[in-house]
Amino acid sequence: MATDRGDYRNVLGIETSCDETGVALLEEGRRIRANVVVSQADLHDEYGGVVPEIACRAHVRSLLPVMDRALEEAECSLEDIDMIGVTREPGLIGSLLVGLQGAKGLSVSFSKPIWGVDHISAHLYSCTLHALRESSRHLSDIAYPRAGLVVSGGHTGLYRIEGPGRYERLGSTMDDAAGEAFDKVASMLDLGYPGGPEIERKARHGDPDSVDFPRPMINSGDYQFSFSGLKTAVLYHCRGQNESGRDTDVSDAERVDIAASFQEAVVDVLVRKLERAAEDMDAMGLSVGGGVAANGRFRERLHEMAEHLDVSLHVPPLSLCTDNAAMIAGKAYFEARHREPDSLHLEAIPT
Ligand code: KG4
Ligand code: ZN
């Protein structure tokens, strides 16, 4: 690994890869002075998913006000910033470009170096950031290897983490991401967007054993995932509730049971696959990030697993699970110690 380079105290993080506009101010790689996120969920709700053009336009409107709010909360000005971290990949191209151009503009006008960050690795890094904030520990105190899992709306991947910022992907989803399945099933059940929190709310009142949904690839012997079959199973189950076999008109009582059973099926698969990866690599710990890691039932099962395996669990608080700019600032701070800044030719990479 490269040796330490810059000494950057205040990092401005910018995240606009999907439908959340985030700006954060991170001090010395661990103290979050501001982490402002403005969600566009209400704009996309009626479509049951993110509409790229709407997302892009909303970022244009929100970025500067969100930045002002973050600086105000952090009680600092742009002159106090030492470096900028910005999401460059993956994401919606229009959304990424808004953040990237904003960051480049600031970089030029205030002479601040800029680092483009990979969103998925930032989700993994949010676990490290959380661990650093929780204790007065240093990066070198964290035990490796760790089994990592990123579960979001766009990605579901298992990783072998060798050290901070160093990981190898073991497997990923072959079709829908876990969060995407939550969103689509929520849409079938006429719940709002994003679907994960809505399903979780309904599931609290339902019986997770009421419907025996499949657990796709749970015993496949590899690290791959697949959630589209489960989503289809929910669709067919909903149709079966109705004599016509066409509508997805389910009662409230059925809805809570379907939500609970679906959630349990997803959580079973995620937990089992992570456990298998942890056992195979003789992991010292588990690191889990991404929006789905905000799910209470999933977190409960993760804690049980960590206890059972007798390993540490790094799962960030909810504000660092879903998309946010603090994780981008954290990952950029880490990268700044190991590589040169990016040039203004830095480009957005959508996939
Ligand atoms: O990481 P994230 O904010 O954005 C992406 O990078 O995709 O993840 C968003 C995803 C959405 O699919 C959302 O439904 C899901 O995370 N999610 C949840 C919960 N909160 C957000 N899924 C299950 N339970 C939750 N509580
Ligand atoms: Zn994300």
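Anyway, here's the lowdown on the structure attached to this text.

Basis of the calculations
Think of each chain on its own: its residues are numbered from 1, step by step along the sequence as written. Going through the entries in the order they are written, you letter the chains from A and number the ligands from 1. In keeping with the model being predicted, local features are shown solely for residues with a pLDDT of at least 70 and side-chain atom pairs are shown and tallied solely at 80 or more, while totals for entire chains, interfaces and linings include all residues. Calculated side-chain values reflect all of the structure's heavy atoms, with hydrogen atoms and water omitted. We define a salt bridge as a contact between a side-chain nitrogen of Lys or Arg and a carboxyl oxygen of Asp or Glu at a distance within 4 Å. Relative accessibility under 20% of the residue-type maximum defines a buried residue, over 50% an exposed one, and the middle range a partly exposed one, all with a 1.4 Å probe and only protein chains included. Helical segments are the DSSP runs of H or I of at least four residues, strand segments are the runs of E of at least two, and each set is numbered from the N terminus. Ring pairs shown here join Phe, Tyr and Trp side chains whose ring centres sit within 6.5 Å, with only the six-membered ring taken for Trp; geometry is labelled stacked below 30 degrees between planes, edge-to-face above 60, and tilted in between. Only Lys NZ and Arg CZ are tested; either one counts as a charge over a ring when it is within 6 Å of the ring centre and within 35 degrees of the ring normal.

### Remarks on the pattern of salt bridges
Now for step 1: Tallied over the entire structure, the rule returns 22 salt bridges.
Now for step 2: The closest approach of N and O atoms between K184 and D176, which form a salt bridge, is 3.6 Å.
Now for step 3: The exposure class assigned to K184 is partly exposed, which follows from its relative accessible area of 33%.
Now for step 4: Note that R215 is salt-bridged to D268, the shortest N-O span being 2.9 Å. In this pair, R215 is assigned in the loop between α6 (195–203) and α7 (228–240) and D268 in helix α8 (residues 252–280), connecting sequence segments 53 residues apart.
Now for step 5: Since its relative accessible area comes to 23%, R215 is described here as partly exposed.
Now for step 6: Salt bridges linked by common partners bring R215, E264, D268, R297, E300 and R301 together as one network.

### Comments concerning the packing of aromatic side chains
Now for step 1: This model, assessed by the stated rule, comprises 5 aromatic pairs.
Now for step 2: For the pair Y8 and W115, a centre-to-centre distance of 5.3 Å together with 65° between the ring planes defines the contact as edge-to-face. In this pair, Y8 is assigned in the segment before β1 (10–15) and W115 in strand β5 (residues 114–118), connecting sequence segments 107 residues apart.
Now for step 3: The class of W115 is buried, set by a relative accessible area of 0%.
Now for step 4: Look at Y159 and Y167: their rings are 5.3 Å apart centre to centre, the planes differ by 90°, and that puts the pair in the edge-to-face class.
Now for step 5: Residue class for Y167 comes out partly exposed when judged on its relative accessible area of 32%.
Now for step 6: For K273, the ring lying beneath its charged end belongs to F225, and the centroid distance is 5.9 Å.

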